[in-house]
Each structure stands twice: as structure tokens, then as C-alpha cells.
Amino acid sequence: MDLKNGHVDDLAALGELDERILLDGIHLRYNQDIIYTYIGDILIAVNPFKNLPIYGKEEAAKYVDIKLRSKLRPHLFAIADKAYQAMKRTGVSQCCVVSGESGAGKTESTKLMVKHIIELCKNGTNNLHKRIIEVNPLLEAFGNAQTIMNSNSSRFGKFISLKFSHEGKVVGAKIYDYLLEKSRVVGQGIKEKNFHIFYYLFAGLRKDQLKDLLLDKPEKHRILRPVDNSPVFSSDAVFQYNREMLAHLQYIMLVVGFSEEEVSMVFALLGAVLHIGDIHFEVDVETDGVYIVDEYVLEIVAVLLGVNVEELVATLISNVAILRGERIVTLKNVDQANDGRDALAKALYARLFGWIVRQINTMLEPEPEHRIHPGPEIGILDIAGFENFPINSFEQLCINVANEQLQFYFNQHIFAWELDEYKREGVSGSEIVFTDNRGLLDLFLDKPLGLFSLLDEESKFPRATDTSLVQKIEKHHKKNEYFRQPKGGGLTFGIAHYAGQVVYHAHGFLEKNRDTLSSNLMELMKQSDSQIVSDLFQAQVTDTGSLEPIKNTPKRSRKSILLCKAPNMANRTKSMSRQAGKKLKERINPAKMQTDGPMRDQKTAGAKFQNSLTDLMSRLLDAEPQFIRCVKPNHYKQPNDFKRDLVLEQLRYTGVLETTRIRRLGYPTRLPLRTFIERYKCLAFPVNANVRVTQDNCRKIAKAANLFGWEIGTHKIFLKYWHTEQLNLTVDRLGASVLTIQRCVRGYLARKKLWELKDRLKKEAIIAKAFMTILAKQAAVKAEAIIAQKQQDMLRHQKKLKDTQREAREQQQRQEDEHRREELARHLDERDRLERNFQPPPVPPKSYKNSNIPAGNRHSYGDPYSGVGPGRNPAAAHRPGQHPERVPDRRSAPIDYTPENHQNLPNHGQNRYGRQSYFPESDRNVSARYEARHYHPMPDLLPPSKPDRLRPFEEDIRQSPIANQPYKREAFRPSSQPMQGIRRTPGMELRDRQFEYNTIKSTIYQPSEIDMSDTAHYARQTNGVGTTDRNKVYRHFIDEALGKKPVLDRDVWCKIIYMERDQDIAKVHVSAPEMIVDGSDVDFDGYRLGLCRYENPFRDDKTAKIREHIGKGVTLTRDNEGSILATRYGKNNIIVKGYSDPAHHSISEEVVYNMGKLPPDRPVKVFDMKEFKSHIALEMNKANADIESLRSQCVVALSFVRNTLDDLETPCWIIIVNFIALDALEDKDMLKEVQESLANLVVKRSGQKAGAAGQRSKHQSHGDMYAEVRKPDRTSAEGLSPESNSPGRRKWAKFKKTKD
């Protein structure tokens, strides 16, 4: 084997073996980017600190169901495949133990192994695989943090258990979490950071989302502020990385199964943890207790946690203890208050982390059928590696003890148990010396004098200190070979671990070990109005520190904490915490004051750690292990930097040299004889043979497989690590041969069966053909008989049908003849009656003529239908109780056909002889002028039509001597001039129809009038504009908006006026980012304006009809520049008024191009801020700028119907006043920017003209330029020129050109 070239994949195969050879082999392979090396069946992985192209899909495909390991390079995927194939073949659970120092690459190795195992058993479109793979990044965000040694260090231990069916398909997973480093939430060391999720939060959330949680910059929060006051995000690249990680994290949470509301709730609780850390206490001299300095933060915490702020104050500044059944209250000092605050933050984060793990396990849980009959599992352990920092605290002590336990498990499995088994089975094994760390574990875990036992004992005494703890440890263990007493003493002590000596600082050991949250704080959190906070603190914590699921949790109506409103501190003059301290002081009995009692029923952090360690080891012992030892090449995380001394030190304390020797000389595979024979008997015996379990039969199988170097003990056969691979390969070859034989035999049998089936089918086909021939002959005979019968039936039916039709025609003809005779007789009788009763109207006397009265208003003298005069209608006399008078025959009286008499001829209703008239007996005058055309002597007998439909609150008074006078019947008299349109209201008031609406026009004549409806619910002062010009109307509303603007909220960005013709119906101010204007009848709530909600007693029918068809209407929004966008959702068109005059409106090019019509379901800029700035630039270029003209362009109007004229007679429309545009006219910086842009444009155009003229002077060029800018006429759209600089002018010219 060529060791010098680094081609030795398995160091256990070397003939010569020592530390230098092992180190040289690993170093040579590292320089060639070969980071994996075998030591027997153990994998050594050196962290390259760079990306290598060895983890792609093509590379992973090579390590699937490996038959001969030596054909492929060592790889992490090979260990994953070995574990999966062994589980699938034997049905025994497997575990992969990944160990090494912090920063050696354990976390990344774990993720790669999980991904490859999932790929090995992937079964189609199941989303479970994707969710399992994405679990690791989610846990890293909440459980990993940056330390001095590693930028992504696991601050908790996790054991990922992948659950499989008996067929080898993954059916679920479960996460076991251990030893979360909660203390990192409230404090970190130098060059260390908090958990990743906090930094993702600040980099990834938008400003409005951070504002909802009332979060400021990360440096302003105590638990995120670096110790050295350096910036949280050292560079833009770091900030961008954290932003991308939050987006990816939100995607992962949705993939795993979290809802969007749960994700938002998690972020809100993280914000609560940050605000809890910002609570600051000071000494209260009056009560000898403490008070909270900034109570603004306190109220934020109370809102986010859903608790009462006064109760929260009381629990933070006081302790409650139960002594002999009596409740004792004591005030905290500053240190105790800080500890209680930190305990709340740590408990909230730890329980939130446990809740996330619990939710993940629920979503990854196998289906019920797989839970009833569980299959094997593959567990992957990832735990923080050995740590030795400048300052090592309680967390490092627990992590290092856990690594000591894993090292002990490795030694026992690799060395101790193997050597003991050699002795029991009588096999000669090599005497291998290894480092046993059992004594060190006894120093920590022994009872009652172990380190953790002493720590728990001291934690039970309230007056115990960290100093008394160190003194007690030195007293009992100063003679222990693993205990070291550093120089200087103090609160430090040293331990000689397997990886080197570590000095621990005992400051805070007791408080961290107690890990208690005061009972009053716990009760307050359980009663929270937030469902998730209440659930977190009602859930029980297991002995290992995990969160148990809550069963039958009551679902109460609780308020949401997703949006937090800033507390109002303006009205608060007294400190709430000081007042609470005074009240608590009065309740305290000095005779019974004491501190909290000893902890007897609460589990300490040390006890939870020991239970977690026991649970973890029990899971490892129930499975066959696969070991991966991760090695760190340098402390600086630099690629291509191999520190030989550092690597050699890691190889020594991990026992790699001893492992290599025992793997080369020992027998790592030890199978019982029965298992060996059952699994491999097919190599030497028939498959169905009953083989006895003897050593001779085992020897026959081993010889048949060509194995060398194996041993047989009393009950087991001992094999080298490569023997298993060789046996499996031989079995696979035999199985492949069996499959080939089976394939050939089954193919022959299938073909034979097919031939027999074909012969049978041929015979059946002949029989079927003969049968069908006979059947066809019989069917032909039957068919001929049926056809003949059908023809006979058809002839009989046709004859019967003809007879029936003939009889029906004869009957119908008889009925029609009878009806014609009756109709003719009736017409003749009616004609005779009319001729007998017709009497022409007499000529009115000359004295009745009055030339001053128009023909339409003269009385119908002698009207036959009036019932008076000699020529009245006979039908009018046929009333109940009366008899018609006999009139002379009309043929006996002469008829005057002169035009003067046409006006007295009868004309009733709407007919072909004239226009509409009314009955005189209704006390109404004829309102339409009568015009007779083509007179015929036969009178029209059609009934008169009904009069015009009037409003229920007024009458038609078309003649009145005086307008606006109370109605009096005696006041009516003939008038020389008809007063068309006069109406009388129920209040007996005469009103001209021209002024029946409360309009802007009417206020010109009546500036002080107040219109009041008869039901007394509609009153409004008129506007008093004094003109009907549209621009003056706009300016009136602009002046009104400017007057109210100082008292409005700063968030108001526009005002909407709902107009019906020239009448303003409703006015609203809009501060919401989105405003809906539709035809609903809902009340205005700040987000929606329903036009059908507002009544107008003077609304005409056309306006009412248009208003009822508005439908979904339009949605108004604004962008960051101040432009207004409108989106039409209704079916009917919505028109932007002023589209034909873009020179006087700030509308977009798209509006002009679409001729004002809004397209459906797509936002369009109806007010373009860029256009508005262009108008400002043109106006500023004038000698006398007109600010009122610019203010008029701050208005845009939308019409719900297309009218021919852009005036005030639109039935339904809205006016929008843009407050942002009005503010822009007062913004000096914006005006300066526009002026500079205009100056630059002038200079640019001036230079172009100078180049064209050649000899013009600079002054003359600038004068021409200014003249050209002022040249376009703004009075009409036709005045626009192509040279104009206004975008509105350019798009109008483009539009005109397109239309032409």
C-alpha cells in the first residue's frame, strides 16, 4: 500500500502502526482534499473548512447498497448506507454516534447522513422525506449559536430517530432534545452571540413588522448587545445572510407543517423575550425593595405575554413563599429581581423551544398502523463537542461530562466489552491497553459525594453561596487524581478530562443549577390571555427537561398578541412599580420576613442533566453503533491549515491508535452460532435443510465463503470487520444466481402456459364461429317476419291518422265561420250606436277668448269629457243613478273645421291626434300645449293616461301668482305667463324645480339657505361657492381640506367627496393604505365607503339607478411617491374625468390612452406624481407662478358613468383630494429638486441649440430656451406641442397621433 501518496483508505490495514504513521497518513490525505479515512469500521472525518464537490447527487448515487466497500473511497455516505442496509437486512435498530470537539463538523455531518438515509428509502411523492430533511435547519436556528470556537455550535443535544417500516420505508421521525443552554438567552461571553433566530429576526423582518412588535435596533436590546459594544452585524454580507436565512426559515416552518399564524406567534414571543431582557431595576429607598426604571418596556412585555401589567409588576419585585400554610410576601433586592427577570426570559425561551420540538414530533409522527406495529429505527446523535474556553461555566461542565460519557461508551464498546467477550468465549485476543475514564465519571456522577450531588445539596440551602460550594468540593475531592486546584484559588477548580485539563469558574453555579421560576410568576403565566403562553407554562417538564404535550387543553377566548400597540405614558405621572412596592410593604409582617424556603420538590438543572444522560445512553445501548470521529485541523477555521500538534492531541485522547490496533488485530463482528448459521447456511447447505447449530457446521460455512483469520468460541463466531462484507457479497452473488435460475424457469413455465392458452382459445373460437353462423340464419328469418309486420302496422296507423286530421279540420272551419258571423254583427251594432249618439262641440262665445293665455292653459270649454257644457261626453253622464241625455244626431249639426276651433276639440290621453292632457276635474291645469293634427270627425274613445308621477312630498303647481308662498286654494288665478316647474311641498311652500336640489348652483342665488327634508333627518348648509365652474368647485374643496389639515392625523393621505351631480353627499378622510368605494350600504369604517349608505331626498331617478348599479366599485391605493392607483372590480365602466385635458390634470399616460376608462382588475395610476412634478416645473418657469392652478391639479375625479360633457352634471362621481401632493407644494426640498431638474434641462437644451446655431451667443441661447419652455399653451389639449417638456403633453400628443 502506498502510504506516501495518501492512497491508504483503511489505516487498520497497515503492517506497521504508530502515532507518526497515522498522523502522516491523515495529513497527506487532507492535503489532497481527501477528508475521510477508515480505521476498520470507524470513520475519521477532518473538517476542511471549505466546500468540496463530494456531496452531489452523482456522488451520492455511488454509495447506494454498497457490495464491496474497498471499491469506493471512504465517505460519510458509506457509513449511512452501511447502517441502513444492516437495519434492513437484520431488522435491528442502528445508531450513528458523531463525536468530536466543538467546530469539528459534527452538525454538518449529521445533516448529510440524515439526507442520504432519506434518499436511500425515498418512495415517490411522499412529502415526509422533505419535512424530515428540513428539520435540522429549523432546530439549528433556535438551538445553535456562535461561540469562540465555532460559528454554528450546537447549544443542545439532539438525537434524531428515523422510524422505518419492516420493508425499509421511512414512516416517521422523532426528535429528542437534551441540555439546551438556556443561560445564553440572557448573557454571552466575549466574541459570542445569542441564538441565531434573534439575528434572523432583525435582519429579515420588514420595518412595519418590527414596529408591530415594538422592536428597535438590535444593539439597543440588552441580551443582544455585544460585550465589546461592537455592531451586531459586522458587514452588509452578514446582514444579507441573516435576512436570507429568515426567509428560508419561514419556508421551512411552512413545509414542516406550521401555520402562518403559529409562525407569527413564535416571532411575537421572541420579541417578548427581548423586551423582558430590557427591564432594569433600581433600589427603592422608601421600601428597601426595587422599582422598575423604564415602565414603558414593562407594559410592552405585559401586552405581548397577555397578562395584567400591575400583576406583572408585583411578581417581578416580590417573592411569595408558603410557610406552615401561611402566605409570606417579601420584597426582592436588585440581584434577586435581576435573577427573577432572567429566569422568566430563560423559561419562556426554553419552553418555546420545547414547544417547537413537540410540534415537529407531532407533524412527523408515523401513521397509526405503524405505531401499533413499530419497525426498526436509525438514530443519529449530534451533541456539543468538548469545550475549553477562557471562562468555563456550568454549561461547559455539563457538555464536557456528556462527552466523557460518550467516550466511556466508545471505550466500552470498542475495547472493554470486546476483550471481556474474548475471555468468556476462550478466544485468544491481543492485550490492548486503553484509557478508561470510569473514575472521572464517578467524580461527577457518584452519590452522595459526586460533584453533581454536592451541587444539588448546596442548592437546597438559601444561604449557600458559590464560595461555599467550591470549598465543599475541595474538601471531598482534593485528593482525587482527576481534581486540580488552580493557583490563586477563589471560585475556580480544575478537572483533568480525557481531552485535557479544564478550569471551571463557579460563579453562578448555584443559581444556574436551581433553574427555578418563582411560583407567583409561574401562576401569572398560566393565567395569561394568550393561548400559547398559557399552554407553554401549563405543560409539564419531564425529568430530562423536555416539554410534555398537553391533553384536553381548554380553548378559551384569548386576545391576540400578534400586533402590539405602543403604551400611552403621557397621562402617567407616578411610577407603577413604586406604588406596588409601597402596597406590598404594608402587607409584609416583619416578624415573619424570610427568604424563600429550600427547594425540595423541584428538579435542579444538574438532576435533569443526569436523567437526560441516562436516557440517551439507554437509547444508544439498544442499537448497533456506527462511529464517526470528527477532527478539527486548526482553531481558526481556516482551510488548508493542518496543525499537526492539535490533530495528534485529538487522535490521542479519542484513542484512535488503540482503536486502530484492536480493529486490525481484534474481531469487531461477534455473531452467535445460531444467527451465523441461519443467516449464511445457504453457502454450504441446501436452503430448506435443517442444519444443526454446531461449531463444525460454522467452519463449513466459513470455508465455503473462503474466509481466513476468524475464530470460533463457545457460543459465538468471531469475525474481522471485512468478513461481514465478504459473507454478504457471497450471499448476494448466490442470490443473483438463484434469481437467474428462477427467471429462466418462470419464463419457461409462463411460455408453456401461454401456448396451452392459445390452443384452447383457438378451439373456443371455432365453436363460437359455428354457433354464430346458426344464430345469424335464425335471426334473418325472424327479422323478415318483423319487417313485414311493421309495414302492415304502419299502413293502418297512417289511415287512422288521416281520418282524425280531416275531422279536426272540418270542426275548426265550422267554429271559425261562427266566430266571424258574431264579430261582424257586433261591429255593425257598435257603429250604429256611435252614429246615433255623436254631437259635435259648439263654438265658444267670443267673450271667452283670451289671447294672453296660451293655448295649453285655456279651459276646455264644452269638452265632451268634462261633463259640463252642451257638448259634454255622453260617457260622462253614465254615472250611477243618472240617465244619459238624448242629444241630437251629429249628422244634423254643422261642423266647423277652421283652425280656431281645433283647440276646443276633445283630446284625452296620448293618441295620434295630439299630445298629453289632464282631466280638469282634478283641479289641475293643462300643462302641455295642445296641437291638433289631421282632425277626423270620429272622436277618440281611448281612456286618458295618468298624470306625471310626483314625489310623495310635493305637488305639481305649474301656475302660481307668487313663488315660495304658502299654498292657498284661493290664491290661484289665471296668469299671463305660465310658471313651468313650480311645485308645492308638503310644508305648503312653493319651490321652483330649478332649485329643488341643494346644489352648488343654487347657492349662487341663496348663499345662506339651509335645506331641510320634511322628515327632518337631512339638513346641510350650502357650500356658498358662488359659481358653477368645475375648477372653482375643486378649489373650494381644496381650501376646505387645507383648513382642516392641521387638525388631521399625519397618516391621512387623501379626502374623498361623494357627489351626485353638483351636490356633495359625503366627505371622508382616508388614512388606511387601501380604500374601497363601492355600491354597498355599510357604514364607513376607515377602509370601505358604501355609497348606498347615504340618503338624498332630492336624488333624481337617473342618479338613483346609476348608484344602484355601482356594484363592487373601485379600490384606491397609493404608492411611496404619492401617486394614487385605482383598480376597478365592478362590471360597469369607471371614467377618469379630465382625461381629454392632460395639460390641466396630473393623470398617467395609460389613462389618456384608454380615454379615461379604467380596465377591470388591474391598478392604474389615476394621479401620477411624476406628472404633477412636471406641471410644477412648467409653472415655476413662468414669470408669475400660479399656486392656485397647481393646487387645482391635486384633485382627481372618477365618474361611475360616461357623460358627454366634463361638467358638474355627472349623476354619480367622486372627488379625491391628494394631501401628499398638497404637502409637496409646501416642501422646499422637493421644489428645489424640481427647480434644479428644470435648470439642468434648460442647460442641456441650451447646449443643443447653441450647437445648431453655431454663432449664437450663450445669453441668446438661454433666452430662446426659456422662451421655448414657456411657449406651449396650457388652456386646452389642442394647444399642446410636441416640443413641450411635460410628460402629460407628450403622451397627449402621442395619443392624438395614434387616434389620427
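Residues numbered from 1 in each chain as written. Predicted model: local features only at pLDDT ≥ 70, side-chain atom pairs only at ≥ 80, totals over all residues. Heavy atoms only, no water.

A. Focus on a negative patch on the surface. Taken together, the side chains of D1227, D1229, E1233 and E1236 define an acidic patch exposed on the protein surface. In this fold, D1227 is placed in the loop between α36 (1219-1225) and α37 (1228-1253). (Patch = residues over 30% accessible without salt bridge, like charges linked within 9 Å, V, L, I, M, F, W, Y side chains within 5 Å. Areas by Shrake-Rupley, 256 points an atom, 1.4 Å probe, with all protein chains shown as cover. Salt bridge = Lys/Arg side-chain N within 4 Å of Asp/Glu carboxyl O. Lys, Arg positive; Asp, Glu negative; His and termini not counted. Charge placed at Lys NZ, Arg CZ, Asp CG, Glu CD. Helix = DSSP H or I, 4+ residues; strand = E, 2+ residues; numbered from the N terminus.)

B. How the structure looks around the pattern of salt bridges. A complete count under the given rule lists 46 salt bridges for this structure. Taking the shortest distance from any N to any O, the salt bridge between D1119 and K1165 comes out at 3.9 Å. On the criterion of sequence distance, the pair formed by D1119 in the loop between β29 (1114-1118) and β30 (1124-1128) and K1165 in strand β32 (residues 1164-1167) is long-range, its members being 46 residues apart. Its relative accessible area of 26% is what places K1165 among the partly exposed residues. Bridged by salt links that share partners, the residues R155, E181, R184, E192 and E387 form one connected network. (Buried < 20%, exposed > 50% of the residue type's maximum accessible area, 1.4 Å probe, protein only.)

C. Structural detail: the sheet that holds β32. Taken in spatial order, the five strands of this open sheet run β28-β27-β29-β30-β32, and their pairing is mixed. Edge positions in the sheet fall to β28 (1088-1090) and β32, since each has one partner strand and no second. For this sheet, the mean inter-axis angle between neighbouring strands, taken without regard to orientation, is 25°. Relative to β32, β30 is paired through three bridges, and the arrangement is antiparallel. Of the residues in β32, the one forming a bridge with L1125 is K1165. (Pairing = 2+ DSSP bridges. Axes fitted to C-alpha atoms, helices over the stretch in contact; angles between N-to-C directions.)

D. Quick look at the packing of aromatic side chains. A full pass over the atoms with the stated rule returns 21 aromatic pairs. Seen in terms of ring centroids, Y30 and F642 are 5.3 Å apart; in terms of plane orientation they differ by 45°. Their pairing is tilted. Residue Y30 is located in helix α1 (residues 19-31), and its partner F642 is located in the loop between β16 (624-631) and α24 (644-653); the two are separated by 612 residues in the primary sequence. Note on accessibility: Y30 and F642 belong to one class, buried. (Phe/Tyr/Trp six-rings, centres within 6.5 Å; stacked < 30°, edge-to-face > 60°.)

E. Here's a closer look at the sheet that holds strand β3 (residues 94-100). Ordered by their spatial adjacency, seven strands build an open sheet running β1-β2-β16-β3-β12-β6-β7, and the pairing between neighbours is mixed. Sheet topology places β1 (36-39) and β7 (170-178) at the edges, where each strand pairs with a single neighbour. On average, each strand axis in the sheet is inclined to that of its neighbour by 20°, with strand direction left out of account. As defined by bridge partners, strand β2 (residues 42-46) adjoins β16 across four bridges and the pair is classed as parallel. Looking across to β16, one finds that A45 is bridged to C630. Sitting on the sheet, helix α15 (residues 394-425) touches β2, β3, β12 (377-382) and β16, and the angle it makes with β16 is about 125°. The strands touched by helix α23 (residues 605-621) are β3, β6 (157-164), β7 and β12; relative to β7, the strand with the most contacts, the crossing angle is about 150°. (Contact = heavy atoms within 4.5 Å.)

F. Here's a closer look at the environment of L1048. Its location among the elements puts L1048 in the loop between α31 (1030-1044) and β25 (1054-1060). Placed 23 residues apart in sequence, L1048 and S1071 show a C-alpha to C-alpha distance of 9.9 Å. Setting aside residues up to four positions removed in sequence, L1048 forms contacts with H1069 and F1219.

G. Geometry of the packing of helix α10 (residues 260-277) against helix α11 (residues 295-305). Contact geometry of α10 with α11 gives a least axis separation of 9 Å together with a crossing angle of 155°. Here α10 is positioned roughly antiparallel relative to α11, judged by the angle of their axes. Classified by chirality, the crossing of α11 by α10 is left-handed. Each of A268, G271, A272, H275 and I276 in α10 lies in contact with α11, whose residues at this interface are V297, I300, V301, L304 and L305. (Parallel < 35°, antiparallel > 145°, perpendicular 65-115°, else oblique. Left-handed = near helix turned anticlockwise from the far one by under 90°.)

H. Looking closely at the nonpolar core. One finds F142, F258, L270, I360, F537 and I628 to be the most contacted residues of the largest nonpolar core, which totals 132 residues. Take this core: its biggest share by element is 15 residues, from helix α13 (residues 334-363). When sequence neighbours within four positions are dropped, the list of residues in contact with I628 reads L43, A45, L76, I79, C96, V97, V98, S99 and M113. By size, the runner-up hydrophobic cluster in this structure holds 65 residues, among which are M1169, A1177, I1215 and M1230. (Core = buried A, V, L, I, M, F, W, Y, C linked by side-chain atoms within 4.5 Å.)

I. Representation of helix α32 (residues 1101-1108) within the structure. Turning to α32, its buried residues are T1103, I1106 and R1107. An end-on view of α32 places all buried positions within 100° of arc, on one side of the element. Of the exposed residues in α32, those oriented more than 90 degrees away from the buried face are D1101, K1105 and E1108. For α32, the secondary structure elements touched by its buried residues are β25. (Arc of directions from axis to C-beta.)

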